[in-house]
Amino acid sequence: MLTKRIIPCLDVKDGQTVKGINFENLKHAGDPLELAKKYSQEGADELIFLDISATNERRKTIANLVEKVAKNVFIPFTVGGGITSLEDIAQILQAGADKISINSAAVKNPDLINDCQQYFGSQCIVVAVDAKKINNEYYVHINAGKKNTGIKLSYWVQEIENRGAGEILLTSMDFDGTQKGFDIEMNSLVSNLVKIPVIASGGAGPHEEHFRDLFKKTNVDAALAASIFHYETLPIGKLKKKLNFWNIKVR
């Protein structure tokens, strides 16, 4: 059985780490470089760095911040936000990232996934998907969750896989920031539809049981969280120890 991964997420706006609820009411959560260092030392399996304002403000992810973070961590590191072209991807990878994440750009131009896979390899391409339940159906949203595309989640995740992406970063907008636990229904749906790794995001609270339930009840490969790690309400080491106690293999 493959080991499950625990991944802290650094949502960055204007150079600072922020966290909100349901994609709104963002609050400052710390310096991204210092948090990245801390997580690398505490045993996180990977890091994900998302410039959440990049797409809406039509600016590129800040490459020099990526370089600083990459130089201070020794675990795989994914970067996303405002990435729309092969040139953007090359710049981010050259700055030190191990993988890149695309979201809105992939929905607007699905061929970008194919091009990424061809030029850089599927192993470094993560497609992020933000989904919300509307009238009993999950729909894909873009532009930091502000625009409903009308695309059904079940269709889009299979399209992502068919086009050659290496992983899916799946965020439940309904559960994001609520700390009530992961969206088991949505994560189960997607992880049963695709064979590529799925990273579950949205809803993690300071309870090890939230992660236990996610890994026991779905086929996701990794769990992502932000505020519970930023504010140290659930240390990574403590979480991993409890998961091992429950016979859930973690790195």
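This text gives an overview of the structure that appears in the document. (Residues numbered from 1 in each chain as written. Predicted model: local features only at pLDDT ≥ 70, side-chain atom pairs only at ≥ 80, totals over all residues. Heavy atoms only, no water.)

**Some details on unusual backbone geometry**
Part 1 of the argument: The backbone phi angle of asparagine 136 is positive, close to 70°, even though this residue is not glycine.
Part 2 of the argument: Here asparagine 136 is to be found in the loop between β7 (125–134) and β8 (137–142).
Part 3 of the argument: You will see that glutamine 179, though not glycine, has its phi angle at about 60°, which is positive.
Part 4 of the argument: Take glutamine 179: it is sitting in the loop between β10 (167–172) and α7 (184–193). (Helix = DSSP H or I, 4+ residues; strand = E, 2+ residues; numbered from the N terminus.)

**What to know about the side chain of glutamate 46**
Part 1 of the argument: As for its position among the elements, glutamate 46 is in the loop between α1 (32–42) and β4 (47–51).
Part 2 of the argument: Polar side-chain contacts of glutamate 46 include one of 2.7 Å to the side chain of arginine 5.
Part 3 of the argument: At a separation of 3.2 Å, a polar atom in the side chain of glutamate 46 contacts the side chain of lysine 99.
Part 4 of the argument: Discounting residues that sit within four places of it in the chain, glutamate 46 has contacts with Arg5, Ile6, Ile7, Pro8, Ile75, Pro76 and Lys99. (Polar contact = N/O pair within 3.5 Å; in protein donor to acceptor, adjacent residues only side chain to side chain. Contact = heavy atoms within 4.5 Å.)

**Considerations on the packing of aromatic side chains**
Part 1 of the argument: Evaluation of the coordinates by the stated rule reveals 3 aromatic pairs.
Part 2 of the argument: Taking the centre distance of 5.3 Å and the plane angle of 80° together, the rings of phenylalanine 182 and phenylalanine 211 count as edge-to-face. With phenylalanine 182 in the loop between β10 and α7 and phenylalanine 211 in helix α8 (residues 208–217), this pair connects stretches of sequence that are 29 residues apart. Of the two residues, phenylalanine 182 and phenylalanine 211, neither departs from the other in class, the shared state being buried.
Part 3 of the argument: The lysine or arginine in question, arginine 212, covers the ring of tryptophan 246, its NZ or CZ lying 4.9 Å from the ring centre. (Phe/Tyr/Trp six-rings, centres within 6.5 Å; stacked < 30°, edge-to-face > 60°. Buried < 20%, exposed > 50% of the residue type's maximum accessible area, 1.4 Å probe, protein only. Lys NZ or Arg CZ within 6 Å of the ring centre and 35° of its normal.)

**Here's the deal with the packing of helix α3 (residues 86–94) against helix α5 (residues 111–120)**
Part 1 of the argument: Close contact between α3 and α5 brings their axes to 10 Å; oriented N to C, the two are set at 45°. As summarised for this structure, α3 and α5 are arranged oblique, according to the angle between their axes. Between α3 and α5 the crossing geometry is right-handed. Where α3 abuts α5, its residues Leu86, Ile89, Ala90 and Leu93 lie against Leu112, Asp115, Cys116, Tyr119 and Phe120.
Part 2 of the argument: Of the residues in the contact of α3 with α5, the class split is 8 nonpolar, no polar and 1 charged. (Axes fitted to C-alpha atoms, helices over the stretch in contact; angles between N-to-C directions. Parallel < 35°, antiparallel > 145°, perpendicular 65-115°, else oblique. Left-handed = near helix turned anticlockwise from the far one by under 90°. Nonpolar A, V, L, I, M, F, W, Y, C, P; charged D, E, K, R; others polar.)

**Let's talk about the environment of phenylalanine 211**
Part 1 of the argument: According to the relative accessible area criterion, phenylalanine 211 is buried, its value standing at 0%.
Part 2 of the argument: Taking the C-alpha atoms as reference points, phenylalanine 211 and alanine 222, 11 residues apart in sequence, are found 9.5 Å from one another.
Part 3 of the argument: Among all residues touching phenylalanine 211, those that are not within four sequence positions of it are Ile6, Phe182, Ala204, Gly205, Ala223, Ala225, Ile228, Phe229, Leu234, Leu239 and Leu243.

**Description of α1**
Part 1 of the argument: Residues of α1 that are buried include every one of Pro32, Leu33, Leu35, Ala36, Lys38, Tyr39 and Ser40, and no others.
Part 2 of the argument: Looking one or two residues past α1, glycine 43 carries a phi angle of roughly 105°, positive in sign.

**Some thoughts on the state of the cysteines**
Part 1 of the argument: Summed over the entire model, instances satisfying the criterion amount to 0 disulfides.
Part 2 of the argument: Here cysteine 124 is not disulfide-linked; the sulfur of cysteine 116 is the nearest cysteine sulfur, at 7.8 Å.
Part 3 of the argument: Taking relative accessible area as the criterion, cysteine 124 reaches 5% and is therefore assigned buried. (Disulfide = S-S within 2.5 Å.)

**Topic: the pairing of strand β11 (residues 198–201)**
Part 1 of the argument: Burial of β11 is two-sided: the residues Val198 and Ala200 facing one way and the residues Ile199 and Ser201 facing the other way are all buried.
Part 2 of the argument: Relative to β11, β10 runs parallel, the two sharing 4 bridges. Across the sheet, the residue bridging to isoleucine 168 is valine 198, located in β11.
Part 3 of the argument: In this region the chain leaves β10, passes through α7 and returns to the parallel neighbour β11; the handedness of that crossover is right-handed.
Part 4 of the argument: Both β11 and strand β12 (residues 222–225) contribute to a ladder of 3 bridges, which runs parallel. In the sheet register, serine 201 faces β12, and the bridge partner there is leucine 224.
Part 5 of the argument: Of the crossover connections in this fold, the one passing from β11 over α8 to the parallel β12 is right-handed. (Pairing = 2+ DSSP bridges. Right-handed = clockwise from strand over helix to strand, strands pointing away.)

**Re the pattern of salt bridges**
Once their charged atoms are close, side chains differing in charge can pair, the charge on each being opposite to the other.
Part 1 of the argument: Applying the stated criterion across every chain, the model contains 15 salt bridges.
Part 2 of the argument: With its nearest N and O atoms 4.0 Å apart, the salt bridge here joins glutamate 137 to lysine 152. Separated by 15 residues along the polypeptide, glutamate 137 in strand β8 and lysine 152 in strand β9 (residues 147–152) bring together distant segments of the chain.
Part 3 of the argument: Among the residues examined, lysine 152 registers a relative accessible area of 41% and is labelled partly exposed.
Part 4 of the argument: Taken together, the salt bridges that share partners define one network made up of Arg5, Glu46, Lys99 and Glu167. (Salt bridge = Lys/Arg side-chain N within 4 Å of Asp/Glu carboxyl O.)

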